[in-house]
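# Chain and residue survey
The residues making up each chain are set out below.
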Amino acid sequence: MKNENHFMRKMSSKHLVTLSLGGVIGTGIFLSSGYLIQEAGAIGTIIAYMVGGALATLVMMCLGELSVQHPDTSSLHMYASKYIHPSIGFTVAWLYWLTWTVALGSQFITMGITLQKWFPQIPIWIWCAIFSGIILLLNVLDVKIFSVSEFWLSLIKVAALGIFVILGITAITGILPVHASSAPLFHNLTTNGLFPHGFGAVFIVLLSANFAFSGTELIGVAAGETSDPEKNIPKAIKRTLFLLVTLFIGTIVVIGALIPANSKALTESPFVIILQNLGIPFASDIMNFIIFIAILSGANSGLYAASRMLWSLAEDGTLPKTFSRLSKHGLPVNGLILTLAGGLLSLFSSIYAEDTVYLALVSISGFAVVAVWLSIGVSQLRFRQVFVKQHQLTELKYRTPGYPLVPWLVIILCSISLIGIYFDPNQRIALYFGIPFTVLTTLVYQLFYRKQKRSSYDISTVD
């Protein structure tokens, strides 16, 4: 792995924040929040999101130290390779690539379905083709164009959630009248008890809450294309986590307070129902537009992240060098094209092999999120142990607070999350596919790439 980063550093702190938000704020918060409240109750879901936000914060504290010290586009792959083992880094890169590539397939088809509400006569495949072209252009022309487009797309999502939370709070407190009812205050949060289905339901929702914060680690991937990383990365981490935790928990509080726990609206369209009850015209169309923007932004961020993993593997010699070549604008065009092709294959598998190929892909990508976070915790723990043997601690430009407690908490909580997957029948299959895939990629590395010279992965040295 080369230490030199060939990418152009054009991203600022605000671009890092919006890139990360673009990867995190997707259809989950808009379409799944009501279902989670129905499963675990509003209080249980709030607790789950608080724990998920805390875990994301701990992971980002670890990633902050690593990415400021090594602001490289190969980040997640390189950290695991250098500070755990090259075969683990190889596996992390493929897991992370697969996560975003599988998401691309589902995002394309969901965008098509969303627009069919307004244009029912146009087939979904035409929309998929159009979106593929748009997202490729945003990523392939210039990183400045990509970052600006993602800034505005993410801004719309953040503004939408922020306005929703503000409107919801005014309705809860009676400042704005709610149709057909008086100000409910927070009674609905506990009408069926704190945990209507038992405290155990919180653990099942906790897994979904952890996944809801996945994408925050995009800040580390973009570190190699960031100007003044030692200043911009820590700033971006703090702003991203503050916005996410505030918006996500605020949204759950509003939905839980304004919609009774036994209402069908929770699993149908809680956002639309609340906006309609507040007298907002065209509530359904507004939410349809916001969901469309959320998906477009997520696909934009996903293509960016996945293509950088392919570049990283090619730089490492485990993919053909053609994927490490950069355009005159410093972009991995071949990696972008291959990732987009993988996203389209994922889309086709969701249509023609939903119960076999697509099921396996989705399962592995769900497993991958926690596995990648786990690797960040272990990498930071090992990095600091090596660093202090050769340097003074004061030489670190950003230090993970609470070391070694923070990385150990990441390791423990991620391990608990992986074990917890087994106890949820709906998610257990993620282990059945995720563990064999991890073992397979590790074996592939050991069989075909182990003998390659890797002086840059000498753990006894820190750059």
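Just so it is clear, the structure is predicted and the values come from calculations on it, not from any experiment.

### Concerning the packing of aromatic side chains
- All told, the structure shown has 19 aromatic pairs when counted by the stated rule.
- Geometrically, the ring pair formed by F90 and Y449 is tilted, given 5.7 Å between the ring centres and 45° between the ring planes. Taken as a pair, F90 in helix α4 (residues 86-116) and Y449 in the segment after α16 (429-448) lie far apart in primary sequence, 359 residues in all. The residues F90 and Y449 share a single accessibility class, namely buried.
- Summarising the aromatic geometry, the rings of F164 and F271 are spaced 4.4 Å apart at their centres and angled 35° between planes, so their arrangement reads as tilted. In this pair, F164 sits in helix α6 (residues 143-172) while F271 sits in helix α11 (residues 270-277), placing the two residues 107 residues apart along the sequence.

### A look at the pattern of salt bridges
- A complete count under the given rule lists three salt bridges for this structure.
- Here K117 ties to D285 by a salt bridge, and the two come within 3.8 Å at their closest N and O atoms. Within this pair, whereas K117 is found in the loop between α4 and α5 (124-140), its partner D285 is found in helix α12 (residues 283-315), the two being separated by 168 residues in sequence.
- Residue class for K117 comes out partly exposed when judged on its relative accessible area of 43%.
- One salt bridge connects E230 with K397, and the closest N-O pair in it is separated by 3.5 Å. With E230 in helix α9 (residues 229-258) and K397 in the loop between α14 (357-390) and α15 (405-422), the pair connects residues that are 167 residues apart, well separated along the chain.
- Residue classification places E230 among the partly exposed positions, given a relative accessible area of 40%.

### Overview of the environment of V92
- Take V92: it is sitting in helix α4.
- Look past the residues within four positions of V92 in its chain and what remains in contact with it is L76, H77, A80, V372 and S375.

### Details of the side chain of N139
- Following the sequence through the fold, N139 ends up in helix α5.
- Those residues in contact with N139, other than ones at most four positions away along the chain, are F146, N300, L303, Y304, L331 and L336.

### Details of the environment of P260
- Residue position: P260 is located in the loop between α9 and α10 (265-268).
- A relative accessible area of 36% means that P260 is categorised as partly exposed.
- Between the alpha carbons of P260 and T191 there is a distance of 7.9 Å; along the sequence they are 69 residues apart.
- If we ignore the near neighbours within four places in the chain, the residues touching P260 are N188 and L266.

### Regarding the state of the cysteines
- Inspection of every chain in the model, using the stated rule, returns zero disulfides.
- C414 carries a free sulfur, and the closest cysteine sulfur to it, the one in C62, is 9.3 Å from it.

### Some remarks on the packing of α14 against α16
- Running from N to C, α14 and α16 point in directions that differ by 80°, and their axes come no closer than 8 Å. Relative to α16, the element α14 lies roughly perpendicular. Contacts from L359, A360, S363, I364 and F367 of α14 reach α16 at I429, A430, L431, F433, G434, I435, F437 and T438.
- Taken together, the residues of the contact of α14 with α16 sort by class into 10 nonpolar, three polar and no charged.

### Quick look at α14
- The end-to-end C-alpha distance of α14 is 48 Å, a good match for the 50 Å that 34 residues give at a rise of 1.5 Å each.
- The largest bend in α14 is about 30°, located at A368.

### What to know about the confidence of the model for the chain
- Looking at the chain, pLDDT values average 85 and 94% of them are 70 or higher.
- Across the chain, element-level confidence peaks in α16 with a mean pLDDT of 91 and bottoms out in α10 with 78.

### Looking at α4
- Taking 1.5 Å of rise per residue, 31 residues should cover 45 Å, and α4 covers 46 Å from first to last C-alpha, within 8% of that figure.
- Most of α4 is tucked away: 25 of the 31 residues are buried.

### Focus: a nonpolar patch on the surface
- Side chains of I435, V439, L443, L447 and F448 sit close together on the surface and give an oily, nonpolar patch of about 540 Å² of accessible area.
- On the basis of relative accessible area, L443 is assigned to the partly exposed category, the value being 47%.

### Some points on the packing of α6 against α11
- Running from amino to carboxyl end, α6 crosses α11 at an angle of 50°, the nearest separation of the two axes being 11 Å. When the interaxial angle is binned, α6 and α11 end up oblique. Along this stretch, α6 crosses α11, giving a crossing that reads as left-handed. Where α6 abuts α11, its residues L161, F164 and L167 lie against F271, I274 and L275.
- Looking at the contact of α6 with α11 residue by residue, the class counts come to six nonpolar, no polar and no charged.

Parameters and conventions
Residues numbered from 1 in each chain as written. Predicted model: local features only at pLDDT ≥ 70, side-chain atom pairs only at ≥ 80, totals over all residues. Heavy atoms only, no water. Phe/Tyr/Trp six-rings, centres within 6.5 Å; stacked < 30°, edge-to-face > 60°. Helix = DSSP H or I, 4+ residues; strand = E, 2+ residues; numbered from the N terminus. Buried < 20%, exposed > 50% of the residue type's maximum accessible area, 1.4 Å probe, protein only. Salt bridge = Lys/Arg side-chain N within 4 Å of Asp/Glu carboxyl O. Contact = heavy atoms within 4.5 Å. Disulfide = S-S within 2.5 Å. Axes fitted to C-alpha atoms, helices over the stretch in contact; angles between N-to-C directions. Parallel < 35°, antiparallel > 145°, perpendicular 65-115°, else oblique. Nonpolar A, V, L, I, M, F, W, Y, C, P; charged D, E, K, R; others polar. Expected span 1.5 Å × (residues − 1). Bend = angle between axes of the 7 residues up to and from the residue. pLDDT = per-residue confidence, 0-100. Patch = residues over 30% accessible without salt bridge, like charges linked within 9 Å, V, L, I, M, F, W, Y side chains within 5 Å. Areas by Shrake-Rupley, 256 points an atom, 1.4 Å probe, with all protein chains shown as cover. Left-handed = near helix turned anticlockwise from the far one by under 90°.

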